[in-house]
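Structure assessment
So you can see what is in the structure, the chains are spelled out below.
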2 protein chains.
Amino acid sequence: MESPMSSKVIELPSLEALGTRLAAMDTVDPASAKGRLLQTAAHLFHVRGFDRTTVRDLASAVGIQSGSIFHHFKNKDEILEAVMHDTIVFNTRLVIDALRASASLQDQLLALIRCELESINGVTGEAMNVLVFEWRNLPEDKQSRILKLRDIYESLWLGVISEACREGLLRGEPFVIRRLLTGALSWTSTWYRKDGGLSVAQLAEQVLQMVICQPVPRA
Amino acid sequence: MESPMSSKVIELPSLEALGTRLAAMDTVDPASAKGRLLQTAAHLFHVRGFDRTTVRDLASAVGIQSGSIFHHFKNKDEILEAVMHDTIVFNTRLVIDALRASASLQDQLLALIRCELESINGVTGEAMNVLVFEWRNLPEDKQSRILKLRDIYESLWLGVISEACREGLLRGEPFVIRRLLTGALSWTSTWYRKDGGLSVAQLAEQVLQMVICQPVPRA
DNA sequence: GTCTATAGAAGGATAGAC
DNA sequence: GTCTATCCTTCTATAGAC
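Residues numbered from 1 in each chain as written. Chains lettered and ligands numbered in written order. Predicted model: local features only at pLDDT ≥ 70, side-chain atom pairs only at ≥ 80, totals over all residues. Heavy atoms only, no water.

Further remarks concern the interface of chain A and chain B. How big an interface is tends to be expressed through the accessible area that disappears when the partners come together. Chain A puts 37 residues into the contact, and the matching count from chain B is 37 residues. Taken together, both faces of the contact between chain A and chain B bury some 3300 Å²; the carbon and sulfur share is 61%. Where chain A packs against chain B, one counts 10 residue pairs in polar contact (both at pLDDT 80 or more). The set of elements that each furnish at least two residues to the side of chain A that touches chain B consists of helix 2 (33-48), helix 7 (125-133), helix 9 (174-186) and helix 10 (200-211) of chain A. (Contact = heavy atoms within 4.5 Å. Buried area = accessible area lost by both parts, 1.4 Å probe. Polar contact = N/O pair within 3.5 Å; in protein donor to acceptor, adjacent residues only side chain to side chain. Helix = DSSP H or I, 4+ residues; strand = E, 2+ residues; numbered from the N terminus.)

Structure representation (structure tokens):
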């Protein structure tokens, strides 16, 4: 039951260094023609799925002809890659900022949960869902590029969870806890609605309360 | 934060009546030509996705020609529907049996978690993953038929969770708890491996321990 | 940066023989 | 229950004009 990794101490990476690294990555300007194309693509890939969205669908949704798409992207796969890349960079930046602003370990944990819920159910929700649920449609060589970014994001989660386990705030194997949470949080896109009487912050609190051992009462 | 439904008492349906109802539903004989077709379809739909699996792929995987598929199914969608239908019926039967064999409320909760993990990671794993992750590829009229079966399955979960909330074993809104668990458990198919040193029963215990309030020590 | 026109490939489904 | 042959549609991607 005990993973061989559980004895190794996992450290939270330097937030300053990561912040600098993420700031240096470039993403498509959302106001440009290419940027509007990406937002529309994220929307269509989310509601219909990547396979069932044709370049004709995408073109007509932004008001151009299908051939014009290929001025911006070499092929359809590249559109998917760009959606995923820009989304993960954007949300990793948010997480780094939120962790920097958190005073305690429990606050960091809550910040991670809240950020992930926000990324999945907020303005980047459609793109995040594409990242999670259309993963297998990305060709392998393009997967590896995105995986490097995902590793950075995951290292933040694992750093905080591991420390929380050492402090007795969480119980169990950090990798297992993270994966259970990944599933629970990403699945919220299928049922959670912001106008349903439960705010993202409240939902985040409920998730935190469900998993921590000795909940510290909050103001 | 409080849902208007939380005041209504949700009861666990009669297991005897449901058992009889489920026994009456007919499913395809796995040993028949059609049954082998369904198993192969579940496999291919799982690894490649429904859209990227062609009827030619499926035909050659079972060793027949593509035209022969349409002797068994009117169209490709019907294959997907049959995979989903038979899987949910099969697993609902297992859950009913497991609940009947559980002595305490905590045992029932553990049984539900273990059954769902088993259905997702055991012999019906590929078909269950198709049910969860290829849902949107099922045409709407066919969705409603499967949804009726899913409602039965979900009523078992909600009955037990609601009672557990009343007893103080779980904390929070039953619908929210169920949905968080749905995500956490279905996501295990992306990372859990039976040969990784953690059995399904152990994983189920870890999930239970993570969510219950006053864990009762177990033999 | 967008248009028109179209090449070229692949997929779902049918018909009738065996 | 499976085969062969094939129709028809849909889709990605290219080429070259504006």
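Along the polypeptide, phenylalanine 133 of chain A turns up in helix 7. Since its relative accessible area comes to 26%, phenylalanine 133 of chain A is described here as partly exposed. Discounting chain neighbours no more than four positions away, the residues touching phenylalanine 133 of chain A are Ser186, Trp187 and Ser189 of chain A together with Phe133 of chain B. (Buried < 20%, exposed > 50% of the residue type's maximum accessible area, 1.4 Å probe, protein only.)

Moving on, we come to the UniProt feature "domain: HTH tetR-type" (unreviewed entry) in chain A. Those places that UniProt annotates as "domain: HTH tetR-type" (unreviewed entry) correspond, in this numbering, to residues 31-91 of chain A. Secondary structure over residues 31-91 of chain A splits into 72% helix and 0% strand, and the C-alpha atoms at its two ends are 18 Å apart. (UniProt positions renumbered as here; feature names shortened; annotations may be inferred.)

Turning our attention to the relation of the copies chain A and chain B. Of the transformation placing chain A onto chain B, the axial shift is 0.0 Å and the rotation is 180°, giving an RMSD of 0.0 Å. In symmetry terms, the pair is related by a two-fold rotation axis. Most of the interface of chain A is mirrored in chain B, where 100% of its interface residues again form contacts. (Least-squares fit on C-alpha atoms with pLDDT ≥ 70 in both.)

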